[in-house]
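Below, each chain spelled out in residue letters.
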Amino acid sequence: MKVRRNLQTIDWNEIKLVVFDVDGTLYDQHALRVRMVRDMLFHTILRRDLGFLSVIKTYRHIRERLGDMEVFDFESHLIAETVATTGFSEEKVLTIVHEWIEQRPLPYLLSCRYPGLTELFAGLKRSGKVIGIFSDYPAYQKIAALDLAADYIVSAQDDGIRLLKPHPKGLELLISKAGFTAAETVLIGDRIERDGIAAQRAGVRCLIRSSRPKQEWQTFVRFDDHLFAPLLSD
Ligand SMILES: [Mg+2]
């Protein structure tokens, strides 16, 4: 297997700060999507309303592009462009995003959480590690809904960041807030083009949760992988 030598092992003694991405890393996004599509279908039938679907689709599409382009103050561009594309008012767009992207998924998150996270988070705390969250979406409520706890939570829309991944600003801010260095940090994510590149640019080691190996990247399938074994044993 073609893996860089320095990626083959991770010395957890060197790591003080363990930073997690949220969506697709801490929970199964496909499982959540199935539940959300069911809710959207009910909503469409009951309310005879299709408009919210175009807002969500447009919003997501523009968000991805603003991430690729690394646009500063992405949120105001995102809302303005969604308003312009869909023809809905700003108030309506904000309401739909709040309801369908931020609030409605919350009660489903715990049932979609990946196994082994309670044990890993407990192991990290037991080993004296600091836990950080670095997300492109607001994450406080999600972490609580996942029944997990973190020492630091940083999201792309926070003041002082306002940039989506793969811009490393949020990660760098988190590391300095926690009082560590890039070398003492590891980022655990699911998207190479977002988490992987952000970590690389911040000089931070990265582990990618993936069912398939990714060339040049250290991956793992489950949170009870042998990679985490030193943290899981007492
Ligand atoms: Mg993710």
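Residues numbered from 1 in each chain as written. Predicted model: local features only at pLDDT ≥ 70, side-chain atom pairs only at ≥ 80, totals over all residues. Heavy atoms only, no water.

A word on the domain arrangement of the chain
Test applied: Residue ranges for the domains originate in an automatic or database domain assignment. Any two residues whose heavy atoms approach within 4.5 Å are treated as being in contact. Buried area counts how much accessible surface, traced with a 1.4 Å probe, disappears from two parts once they are put together, with both parts' losses summed. Any Lys or Arg side-chain nitrogen located within 4 Å of an Asp or Glu carboxyl oxygen qualifies as a salt bridge. Any pair of N or O atoms that falls within 3.5 Å is considered a polar contact. Within protein, one atom must be able to donate a hydrogen and the other to accept it, and sequence-neighbouring residues count only if both atoms are side-chain atoms. Runs of H or I in DSSP of at least four residues are treated as helices and runs of E of at least two as strands, each being numbered from the N terminus.
Structurally, the chain comprises domain 1 (5-27 + 113-232) and domain 2 (31-108). Here the C-alpha centre of domain 2 lies 26 Å away from the C-alpha centre of domain 1. Taken together, the contact pairs 19 residues of domain 1 with 18 residues of domain 2. Between domain 1 and domain 2, a total of about 1,600 Å² is buried, with carbon and sulfur atoms accounting for 55% of that surface. Looking only at domain 1, the three residues that lose the most surface to domain 2 are Tyr137, Arg162 and Leu164, adding up to 38% of its buried area. Counting the contacts that link domain 1 with domain 2 gives 5 salt bridges. For the pair domain 1 and domain 2, the interface holds 8 residue pairs in polar contact (both at pLDDT 80 or more). Elements with a contribution of two residues or more to the side of domain 1 that touches domain 2: α8 (140-145) and α10 (192-202). Broken down by element, the side of domain 1 that touches domain 2 gets its largest block of residues, 3 residues, from α8.

Focus: the packing of helix α4 (residues 74-86) against helix α5 (residues 90-103)
Operational definition: To obtain each axis, a line is fitted to C-alpha atoms, and for helices this fit is confined to the stretch in contact; angles are then taken between N-to-C directions over 0 to 180 degrees. Working definition: roughly parallel below 35 degrees, roughly antiparallel above 145 degrees, roughly perpendicular at 65 to 115 degrees, and oblique for all remaining angles. Two helices crossing with the near one rotated counterclockwise from the far one by less than a right angle form a left-handed crossing, whereas a clockwise rotation gives a right-handed crossing. Each residue is assigned to one of three groups, with Ala, Val, Leu, Ile, Met, Phe, Trp, Tyr, Cys and Pro labelled nonpolar, Asp, Glu, Lys and Arg labelled charged, and all others, Gly among them, labelled polar.
Packing of α4 against α5 leaves a shortest axis separation of 9 Å and a crossing angle of 110°. Accordingly, the angle class assigned to the pair α4 and α5 is roughly perpendicular. Here α4 and α5 pass one another in a crossing that is right-handed. Across the interface between the two elements, Ile79, Thr82, Val83 and Thr86 of α4 pack against Glu90, Val93 and Leu94 of α5. The residue inventory of the contact of α4 with α5, partitioned by class, reads 4 nonpolar, 2 polar and 1 charged.

Considering the pairing of strand β5 (residues 205-209)
Worth spelling out the cut-off: Partly exposed residues are those whose accessible area sits between 20% and 50% of the maximum for their type, while under 20% is buried and over 50% is exposed, using a 1.4 Å probe and protein chains only. When DSSP finds at least two bridges between two strands, those strands are taken to pair. Note on handedness: a clockwise path from strand one over the helix to strand two, with the strands aimed away from the viewer, defines a right-handed crossover.
Burial analysis of β5 places 4 of its 5 residues in the buried class, which makes it a mostly covered element. As paired elements, strand β4 (residues 185-189) and β5 share 4 bridges and run parallel to each other. Paired with Leu187 across the two strands is Cys206, which belongs to β5. At this point the chain moves from β4, through α10, to the parallel β5, and the crossover so formed is right-handed. Here β5 runs beside strand β6 (residues 218-220); their pairing, made up of 3 bridges, is parallel.

Regarding the sheet that holds β4
Ordered by their spatial adjacency, 6 strands build an open sheet running β3-β2-β1-β4-β5-β6, and the pairing between neighbours is parallel. The outermost strands of the open sheet, each flanked by one partner alone, are β3 (152-155) and β6. For this sheet, the mean angle separating the axes of adjacent strands, direction not counted, is 25°. Summarising the sheet, strand β1 (residues 17-20) and strand β2 (residues 130-135) pair through 4 bridges and their orientation is parallel. Note on β2: the bridge partner recorded for Leu17 is Val130. Where helix α9 (residues 169-178) meets the sheet, it contacts β1, β2, β3 and β4, and its direction lies at approximately 155° from that of β3. Against the sheet, α10 makes contact with β2, β4 and β5, and its axis sits at roughly 165° relative to β5, the strand it touches most.

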